[in-house]
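Here is what each chain is made of, one letter per residue.
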Amino acid sequence: MENFTFHNPTKIIFGKNTIPRVGEEIKEYGLKKVLFLYGRGSIKRNGVYDQVVESLKKNGIEWIEVSGVKPNPVLSKVHEAIEKAREANVEGILAVGGGSVIDSAKAIAAGFYYEGDIWDAFTGDYEIEKALPIFTILTISATGSEMNGNAVVTNEKTNQKYAFSSEHVYPKVSIIDPTVQFTLPKEQTVYGAVDAIAHVLEYYFDGSVCLVHDRISESLVKTIMEMTEILIEDPENYEARANLAWSATLALNGLTDAGSKGGDWASHAIEHSLSALYDIAHGAGLAIVFPAWMKYVYKENMGKFERFSKEIFGLEGSGENLVLSGIE
């Protein structure tokens, strides 16, 4: 087991009918005005928008809105939102959506105080020193961005999709109500599940030796697979939604990193290039890349890949046939 420090400052509020608490949570931080960031309008169709607005009004929180954040979020929208946030002199950001919205919020929060182009944080030319406080309401479980300090954005001018990580952009509070995911299209649920599994496996296959880490990781992967199978047939099954949502959060909140060597991340790096160039769903790209990566590297760590096939799929045997059966 590798040395590690585990600290996650994000408060999670999980369960049914929790969205109306958002205004109260923001108020507790002494904020009076926020940037309300969301995507292309699904939150207005599923009732989340109305719940948020009512809660903000009830708690005396003013807001300005920026909408239109797209999957595979782009730098130009981040720049637009930073300008509007500065003009309105907001005190925090409320991100309502999936990983794309939350990742954008993190870049906006950091860019608010930075005099240069926040893209510098993605290229490694700027180390984030300060950010606006971020609050999130999750509407699709996939990236784990609701409980970590990571952000991924595409610079559409250069076709570069890069990431940054900073302790300053962990959300203060994230609300996860699994019921708002009942209406997700089947493919979005599946792509989110693939993304979450890939996060776990990036650490699982990094060459580290840590039994508790392995068993946590295997449990998460099996739970995600089982819950996704249920949701394909029954998208409004609350227990399945709840277990999938929490598993996706735990997949990248630092828990599966503790005791590891920091993860491999080659598959994510390759996929980022694919989705930057072709604008495909991140989970779909990972479904293509990760099995190919596994086939390419399994001989470097045959024992771990054998364990994967046995523990995840219940296969028996040993050697190459076992491993390839698990991958395929």
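So, how was this worked out
Residues numbered from 1 in each chain as written. Predicted model: local features only at pLDDT ≥ 70, side-chain atom pairs only at ≥ 80, totals over all residues. Heavy atoms only, no water. Salt bridge = Lys/Arg side-chain N within 4 Å of Asp/Glu carboxyl O. Helix = DSSP H or I, 4+ residues; strand = E, 2+ residues; numbered from the N terminus. Phe/Tyr/Trp six-rings, centres within 6.5 Å; stacked < 30°, edge-to-face > 60°. Buried < 20%, exposed > 50% of the residue type's maximum accessible area, 1.4 Å probe, protein only. Contact = heavy atoms within 4.5 Å. Pairing = 2+ DSSP bridges. Expected span 1.5 Å × (residues − 1). Patch = residues over 30% accessible without salt bridge, like charges linked within 9 Å, V, L, I, M, F, W, Y side chains within 5 Å. Areas by Shrake-Rupley, 256 points an atom, 1.4 Å probe, with all protein chains shown as cover. Axes fitted to C-alpha atoms, helices over the stretch in contact; angles between N-to-C directions.

## Side note on the pattern of salt bridges
Pairing between side chains of opposite charge can happen when their charged atoms approach one another.
Here's step 1: On inspection of all chains with the given rule, the structure shows eight salt bridges.
Here's step 2: Aspartate 279 is paired through a salt bridge with lysine 70; the nearest N and O atoms lie 3.2 Å apart. Here aspartate 279, found in the loop between helix H10 (266-278) and helix H11 (282-297), pairs with lysine 70, found in the loop between strand E3 (62-66) and helix H4 (75-88); they are 209 residues apart in sequence, far enough to count as distant.
Here's step 3: Its salt-bridge partner being lysine 84, residue glutamate 80 comes within 3.2 Å of it at the nearest N-O pair.

## Observations concerning the packing of aromatic side chains
Here's step 1: Under the criterion given, the structure shown has 18 aromatic pairs.
Here's step 2: Ring centres 3.8 Å apart and planes at 15 degrees place the aromatic pair tyrosine 114 and tyrosine 126 in the stacked group. Separated by twelve residues along the polypeptide, tyrosine 114 in the loop between helix H5 (99-111) and helix H6 (119-123) and tyrosine 126 in the loop between H6 and strand E5 (134-138) bring together distant segments of the chain. The exposure classification of tyrosine 114 matches that of tyrosine 126, with both residues buried.
Here's step 3: With centroids separated by 4.6 Å and ring planes inclined at 55 degrees, the aromatic side chains of phenylalanine 122 and phenylalanine 164 adopt a geometry described as tilted. A residue pair is termed long-range when its members are at least 10 positions apart, and phenylalanine 122 in helix H6 and phenylalanine 164 in strand E7 (residues 160-165) qualify at 42 residues.

## A look at the environment of tyrosine 113
Here's step 1: Turning to its location among the elements, tyrosine 113 is positioned in the loop between H5 and H6.
Here's step 2: Taking the relative accessible area as the measure of exposure, tyrosine 113 reaches 37% and is therefore partly exposed.
Here's step 3: Along the primary structure tyrosine 113 and isoleucine 82 are separated by 31 residues, whereas in three dimensions their C-alpha atoms are 9.3 Å apart.
Here's step 4: Ignoring any residue separated from it by four or fewer positions in sequence, one finds tyrosine 113 in contact with Lys130, Ala131 and Leu132.

## A few points about the pairing of strand E2 (residues 33-38)
Here's step 1: Within E2, five of the six residues are buried, which leaves it mostly tucked inside the rest of the structure.
Here's step 2: One ladder, built from five bridges, connects E2 with E3; its direction is parallel. Residue valine 34 lies in a different strand from E3, and its bridge partner there is tryptophan 63.
Here's step 3: Pairing between E2 and strand E4 (residues 92-97): five bridges, direction parallel. From the neighbouring strand, leucine 37 faces E4, where its bridge partner is alanine 95.

## Quick word on helix H9 (residues 238-250)
Here's step 1: Over its 13 residues, H9 extends 18 Å from the first C-alpha to the last, a length consistent with the 18 Å expected when each residue adds 1.5 Å.
Here's step 2: For H9, a buried count of ten out of 13 residues is recorded, marking the element as mostly surrounded by other parts of the structure.
Here's step 3: Among the residues making up H9, those that are buried are Tyr238, Ala240, Arg241, Ala242, Leu244, Ala245, Ser247, Ala248, Thr249 and Leu250.
Here's step 4: Looking at the buried residues of H9, the elements they touch are strand E1 (11-14), strand E8 (173-176), helix H7 (186-204) and helix H8 (211-233).

## Quick look at a nonpolar patch on the surface
Here's step 1: Together, Met1, Phe4, Phe6 and Val212 give the surface a local cluster of nonpolar side chains, amounting to about 430 Å² of exposed area.
Here's step 2: Following the sequence through the fold, phenylalanine 4 ends up in the segment before E1.
Here's step 3: A relative accessible area of 45% means that phenylalanine 4 is categorised as partly exposed.

## Let's talk about unusual backbone geometry
Here's step 1: Backbone geometry places asparagine 17, a non-glycine residue, at a positive phi of 60 degrees.
Here's step 2: Mapping asparagine 17 onto the fold places it in the loop between E1 and helix H1 (22-28).
Here's step 3: Non-glycine residue asparagine 89 carries a positive phi angle of around 55 degrees.
Here's step 4: Structurally, asparagine 89 is set in the loop between H4 and E4.
Here's step 5: Take asparagine 89: its relative accessible area is 55%, and that puts it in the exposed class.

## Here we look at the sheet that holds E5
Here's step 1: The strand order across the open sheet formed by six strands is E1-E8-E5-E4-E2-E3, and the pairing between neighbours is parallel. Strand pairing shows two members of the sheet lacking a second neighbour, E1 and E3, which therefore form its edges. Across the sheet, the mean angle separating the axes of adjacent strands is 20 degrees when strand polarity is ignored.
Here's step 2: Relative to E5, E4 runs parallel, the two being bridged by five bridges. Considered in E5, the bridge of valine 96 is made with isoleucine 137.

## Quick word on the environment of leucine 255
Here's step 1: Among the structural elements, leucine 255 can be located in the loop between H9 and H10.
Here's step 2: With relative accessibility at 29%, the residue leucine 255 sits in the partly exposed group.
Here's step 3: In sequence terms leucine 255 and glycine 314 are 59 residues apart; their C-alpha atoms lie 24 Å from each other.
Here's step 4: Setting aside its immediate chain neighbours within four residues, leucine 255 contacts Phe6, Ile216 and Leu250.

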